[in-house]
Every structure is written in structure tokens, then in C-alpha cells.
Amino acid sequence: MSFDREALAAAIARHGAVARVVIAEARGSVPREAGAAMLVWEGGQEGTIGGGALEWEAAARARAALAGGETRVDRLALGPSLGQCCGGAVVLVTEPWDAARLETVREPVVARALPGGHAVRPLGVARAIARARDDGIGLATRIVDDWLVEPVAAPDRHLWIWGAGHVGRAIVEVMAPLPGLAITWIDTAPERFPDHVPDGVVEFVAASPGEAVPRAPANADHLVLTYSHALDLELCHRLLTHGFLSAGLIGSATKRARFRKRLAELGHETARIDRIACPIGDPDLGKHPVAIAIGVAAAFLAGDARGHALGERG
């Protein structure tokens, strides 16, 4: 988990100043890991640090911190402090954020002094950041010499969703909240998208979607579910030529067989064609758009060693 600048900026734009609560340290049995965070404002919140008594108390303290404009650090043993069954302990850091403060976040690591910490960046903080950079290991959220150090979120995966019909909309709603995922959503006209698109999802209008394939990262995941079988086929053809991490095609066993034949006629090898999963999702869950979306999300999160992350082979 890491510092999600985009989510924080969106919340500030909607609500003004907000309080951000992050688990800076976690030991033993706790609901969430270090780096998990939530945003709190007067009358609402988003994100979660685990729910229950911990989150209830943290939200109340966050509103008080927001009203006072001060950072606070709370060290809580979940059993003795809150009566929770968890036997672990957490350190919560609560900070007020507004647009002006967010403008200061320009580096890939956010490091700042906690109350009582030295104003000048300690050597231990600089060393931790340098070690993570030199070793190529992601820096974990933690407290170093009374400074809170967090990596700024960057997407771990890129998902391109081709089609804004019922299934596309359901998949976007289910998957948009997932951390570390950048979603690009493509269709042929602006009116094909819903009035509300989740924060962080990039709408891409392309009259000829196939021509947009070269703009996708070579290691992106793709879901092809347009209104047209001809367009689906073109996209599959172009994706096989372009390259991808994984790809899923909405349809049936019959559609899969027809597409395998047509793509082979277009010059693609069978082994490469078989990397496109069709149908997508989990057939046991049914064909309702939300059921398909849940199956796709589960497969995406589980993945497998072959890289078929978006559906079942077979």
C-alpha cells in the first residue's frame, strides 16, 4: 500500500480539506496492513483501515484533527484499547491535507516529520530511501526516526477495457476501487459512457478503437467486450500483433472457436491465440453483468503462472 495522490486530490476537490489516516506500523493480528489508509471529512469518509471499532474511533479522531489542523499519532493495542478480538497493535498517523499542501508532493516518496520529529530529514530516512532505490525494492510504508515514509502510488498494472456496455460498466464499477490498477476505458462515442465514471478511470473516445491499440502499454491487461463481433475480432487481431500481459474476450465457447479460426486465418499461431481467454469470468456465477464482473475481478486478482489473469482457458 502507498500514498495515493490521485485519490487524495479527488477527495480534496470534492470536499475541501480532508484528514488522511494511515496505518504507519502494524504488529501481530490486525485488520489491515501498514500503508492501508482512509480519507475522512465532515460527514463522510472513503477507504478503510479495517472497519470495526478501530475505524470508528479513527474516524472520530480524524475529524477532531481536521478541525484543529494538527497531525496526530495514535499507538493502539487493539484488544486493551478498543476491545477487539485482534491481538495486534497499530500506529495510526492522522494528517490534515488541503490543495496547497498536496502541491508539495512531487517526489516518488513522501517523507515528513511526525510531531516531535526533527525538522531536518534524518540520515536514517535518506538511507532507507536510497537503499530501496539502489536495490530496486519497493519502499514500504513505515516510521523511521520519527518520520513517516511512504511511496507515492504508481499503478502496478494497466487494464484497458474495450466497450462501455452493460458488462463493461459493471466491470469498471467493480474493479475501479482496486489499488495499484490504472484503468483506461475505450468506446466509440462520448454518449456510450455513463454520466458518472469512477475517479481515476480514464475515458478514451476512439471512433476506430483498433487504431488506439498501439497506445496501450505492451504489458497491459485487456478486456474486449464491444457491441460488435467484427470490432472484437479486429481488436483481438491488433492485440495479438501488439502484445499484452493478458487478454479476455466476452463471449461463448462457440465465439471462441470462430475467433480462433479467423485469427489463425489472419496469420496468428495457435499458442498465441490461446492466450486470449474466452469466455471471461466464472461461468458458475451466471451471466448477469455484475456476476461476470465479479468473476473477472476474482480471476484478475488470482492470476496464474501462465499469465491468463482475466478468464478461464478451455
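Structural notes, computed from the coordinates. (Residues numbered from 1 in each chain as written. Predicted model: local features only at pLDDT ≥ 70, side-chain atom pairs only at ≥ 80, totals over all residues. Heavy atoms only, no water.)

**Quick word on the sheet that holds strand E9 (residues 157-162)**
Logical step 1: Read from one edge of the open sheet, six strands run E11-E10-E9-E12-E13-E14, paired in parallel fashion. One side of each edge strand has no neighbouring strand; the edge strands of this open sheet are strand E11 (202-205) and strand E14 (276-277).
Logical step 2: The pairing of E9 with strand E12 (residues 221-224) spans four bridges and is classified as parallel. Bridging from a neighbouring strand, Ile161 pairs with Leu223 of E12. (Pairing = 2+ DSSP bridges. Helix = DSSP H or I, 4+ residues; strand = E, 2+ residues; numbered from the N terminus.)

**Side note on empty space enclosed by the protein**
To find leftover empty space, one rolls a probe the size of a water molecule over the atoms.
Logical step 1: Evaluation of the coordinates by the stated rule reveals one cavity of 30 Å³ or more.
Logical step 2: Roughly 70 Å³ of internal volume is contained in the largest cavity.
Logical step 3: Ranked by residue count, the leading element in the lining of the largest cavity is helix H8 (residues 253-265), at four residues.
Logical step 4: Taken together, the residues of the lining of the largest cavity break down into six nonpolar, no polar and three charged. (1 Å grid on protein atoms, 1.4 Å probe; cavity = no way out; pocket = protein on both sides within 12 Å on 5 of 7 lines; lining within 4 Å. Points joined across faces, edges and corners; volume = space filled by probe spheres on them. Nonpolar A, V, L, I, M, F, W, Y, C, P; charged D, E, K, R; others polar.)

**Some remarks on the pairing of strand E10 (residues 181-187)**
Logical step 1: Among the seven residues of E10, six are classified as buried, and the element is accordingly described as predominantly covered.
Logical step 2: Inspection of the sheet shows E9 paired to E10 by six bridges, in the parallel sense. When the sheet's bridge partners are listed, Arg157 is paired in E10 with Leu181.
Logical step 3: As for the winding sense of the linkage, the β-α-β connection from E9 through helix H6 (residues 166-175) to E10 is right-handed.
Logical step 4: Direction of pairing for E10 relative to E11: parallel, over a ladder of four bridges. Residue Trp185 lies in a different strand from E11, and its bridge partner there is Glu203. (Buried < 20%, exposed > 50% of the residue type's maximum accessible area, 1.4 Å probe, protein only. Right-handed = clockwise from strand over helix to strand, strands pointing away.)

**Some details on the sheet that holds strand E5 (residues 89-97)**
Logical step 1: Pairing is antiparallel across the open sheet formed by five strands, whose spatial order is E3-E2-E1-E5-E4. Of all strands in the sheet, those with a lone pairing partner are strand E3 (44-47) and strand E4 (72-77), marking the two edges. For this sheet, the mean inter-axis angle between neighbouring strands, taken without regard to orientation, is 20°.
Logical step 2: Pairing between strand E1 (residues 18-27) and strand E2 (residues 37-41): four bridges, direction antiparallel. (Axes fitted to C-alpha atoms, helices over the stretch in contact; angles between N-to-C directions.)

**Topic: the nonpolar core**
Logical step 1: Grouped together as the largest cluster of nonpolar side chains are 24 residues, with contacts concentrated most on Trp160, Trp162, Leu249, Leu263 and Ile276.
Logical step 2: Of all the elements in the fold, those that place two or more residues in this core are E9, helix H7 (229-242), strand E13 (246-249) and H8.
Logical step 3: Per element, the largest residue contribution to this core is six residues, and it comes from H7.
Logical step 4: Excluding anything up to four places from it in sequence, Trp160 contacts Thr184, Ile186, Phe204, Ala212, Arg215, Ala216, Pro217, Ala220, Asp221, His222 and Leu223.
Logical step 5: Core analysis: the second largest hydrophobic core is formed by 23 residues, Leu159, Val172, Val197 and Val201 among them. (Core = buried A, V, L, I, M, F, W, Y, C linked by side-chain atoms within 4.5 Å. Contact = heavy atoms within 4.5 Å.)

**Remarks on H7**
Logical step 1: The terminal C-alpha atoms of H7, which comprises 14 residues, lie 20 Å apart, in line with the 20 Å expected from a rise of 1.5 Å per residue.
Logical step 2: Looking at the buried side of H7, the elements it contacts are E9, E12, E13, H8, helix H9 (270-273) and E14.
Logical step 3: Sitting at the head of H7, Ser228 places a side-chain oxygen 3.2 Å from the backbone nitrogen of Ala230. (Expected span 1.5 Å × (residues − 1). Polar contact = N/O pair within 3.5 Å; in protein donor to acceptor, adjacent residues only side chain to side chain.)

**A closer look at the layout of surface pockets**
Logical step 1: Of the voids in this model, the second largest pocket is the one considered here, and its volume is about 200 Å³.
Logical step 2: Looking at the second largest pocket, the residues that line it are Ile250, Gly251, Pro279, Ile280, Gly281, Asp282, Pro283, Gly286, Lys287 and Ile292.

**Section: the pairing of E12**
Logical step 1: By the alternation rule, side chains of E12 split into Asp221 and Leu223 and His222 and Val224, which are all buried.
Logical step 2: Pairing of E12 with E13 involves four bridges; the strand directions are parallel. Of the residues in E13, the one forming a bridge with Val224 is Leu249.
Logical step 3: Once the chain exits E12 it traverses H7 before rejoining the sheet at E13, and the crossover so formed is right-handed.

Note that all results are geometric; they support no functional claim without further evidence.
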